[in-house]
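An overview of the molecular structure
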Amino acid sequence: ARDPNYVVSELLYKMINIRLKYPNKDLRDTDDLKKFTAASAELQFVNINDMSRKKIISFYLNAYNLMVLHAHAVLGCVEGTDFSSQKVSVKHEFQYKIAAYNYTLAEIEERLLNRILRTQFPKESDKARAPERRVHFALSLGCVSSPKIYIYKPETLDKELQQSAVEYLSDFASKHRVQMRQRAPEITLPKVFDWNKDDFGATKNDIVDYYASFLQPEELQKEFKEAAKESNLVLKYEKFDWKISHSKVCLECYRQPEDEVIEDPGASDGNNGNSGGQDDSFLVCTAILASGVVNGEVRI
C-alpha cells in the first residue's frame with residue numbers, strides 16, 4: 001500500500017484541478033468524475049495505524065477537504081450554488097471508506113477535534129479546547145466564507161497551519177475592523193468562532209485575544225489586542241455566505257512545487273501506484289451517498 005498522506009494529497013490535487021477546469025459544469029455524468037471516483041477507492045487500502053500526530057492531522061485535513069469537493073461534484077454543484085440546504089446531509093451522509101472504515105465529514109471532525117472526549121472537562125479548563133485549534137481555519141466547505149483549501153504535508157504542518165490561520169483571519173479582520181458603539185468596542189468574528197465557541201476561550205476577551213494573535217500587520221493585531229482588554233466588549237458573528245466558490249478556495253491549493261506534492265515517498269513496489277497491484281477497475285468505489293448505495297457500490 002502507498003503512503004496514506006501521498007494518496008490523499010494526490011487525490012485532492014486531482015480533484016482541485018477538475019473543479020478549476022470545469023467551474024460551471026455539472027460533473028455528474030462526466031468521465032472525469034467516474035475515473036476520479038474509481039481512483040479514490042485506493043483509500044480503502046491505506047494503513048493509517050501508528051502514524052505520528054502530524055501525519056494523522058495532515059491526512060484527515062486533506063481527506064476532509066477532498067470529501068467536500070467530491071460531494072459537490074456528486075451532487076452536481078457548480079460555482080455559485082447555494083450549499084446551505086445540503087450542508088447537513090453532506091456532513092452526515094456522504095462517506096469515504098478509509099482503511100476499511102466508513103468516515104463521514106462529521107466523524108473526521110471528531111477525530112481532529114475530540115469534542116466528545118472534551119465534554120468531561122470544565123469549560124474553563126485548557127483540556128476543554130480542541131487539541132489543535134488551528135484546524136478550524138484549514139477545514140473548508142468550499143464556500144465564499146470558507147478558508148482556502150491547501151494540501152497539507154506532515155513535514156511542514158505547523159508552518160502551514162499557522163499560515164492558513166494568519167491568512168484567513170487577517171483577511172477577515174481587515175474587512176471587519178473594531179467598531180465603537182456607545183463607547184463599547186464591537187468586534188465581528190468569522191462564523192467558525194460562533195460554531196465552535198468552546199475551542200477558542202472561556203470568555204469573550206479570551207476569544208478575541210486568541211483571534212488577534214494571528215492578525216497581520218502588527219497595526220491590525222494591536223487594534224484587536226487593545227479591544228480584547230475591554231470589559232464591555234461586544235461580539236458579533238458574520239452571516240456565513242454558503243455560495244460555493246471553487247475559484248476562491250481552490251486557486252492556490254499548494255504552497256510547495258507541484259512535483260513535491262505528487263512525489264510518493266514510499267513508491268518502490270513497481271505496481272504503478274495501485275494498492276495491492278489491483279487495477280482501478282476492480283476497486284470498490286469509496287464515495288457513498290446514503291441514498292445512492294446499491295450492493296456496496298455507488299450509483300452516481
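Up top is the structure.
This report concerns the structure included in the present document. (Residues numbered from 1 in each chain as written. Predicted model: local features only at pLDDT ≥ 70, side-chain atom pairs only at ≥ 80, totals over all residues. Heavy atoms only, no water.)

**Some details on the packing of helix 9 (residues 204-212) against helix 10 (residues 218-228)**
Following both chains from N to C, one finds helix 9 and helix 10 inclined at 170°, their axes separated by 8 Å at the closest point. With respect to each other, helix 9 and helix 10 are oriented roughly antiparallel. Touching Asn205, Val208, Asp209, Tyr211 and Ala212 of helix 9 are Gln221, Phe224, Lys225 and Ala228, all from helix 10. Residues belonging to the contact of helix 9 with helix 10 are distributed by class as follows: 5 nonpolar, 2 polar and 2 charged. (Axes fitted to C-alpha atoms, helices over the stretch in contact; angles between N-to-C directions. Helix = DSSP H or I, 4+ residues; strand = E, 2+ residues; numbered from the N terminus. Parallel < 35°, antiparallel > 145°, perpendicular 65-115°, else oblique. Contact = heavy atoms within 4.5 Å. Nonpolar A, V, L, I, M, F, W, Y, C, P; charged D, E, K, R; others polar.)

**Focus: the sheet that holds strand 4 (residues 184-189)**
With mixed pairing, the 3 strands of this open sheet are ordered in space as 3-4-5. Both edges of this open sheet fall to strand 3 (179-181) and strand 5 (234-237), since each of them pairs with a single strand only. Ignoring which end each strand starts from, the neighbouring axes of this sheet average 35° apart. Direction of pairing for strand 3 relative to strand 4: antiparallel, over a ladder of 3 bridges. Each bridged residue has a counterpart across the sheet, and for Gln179 the counterpart in strand 4 is Glu186. Against the sheet, helix 9 touches strand 4 and strand 5, its axis set at about 60° to strand 4. (Pairing = 2+ DSSP bridges.)

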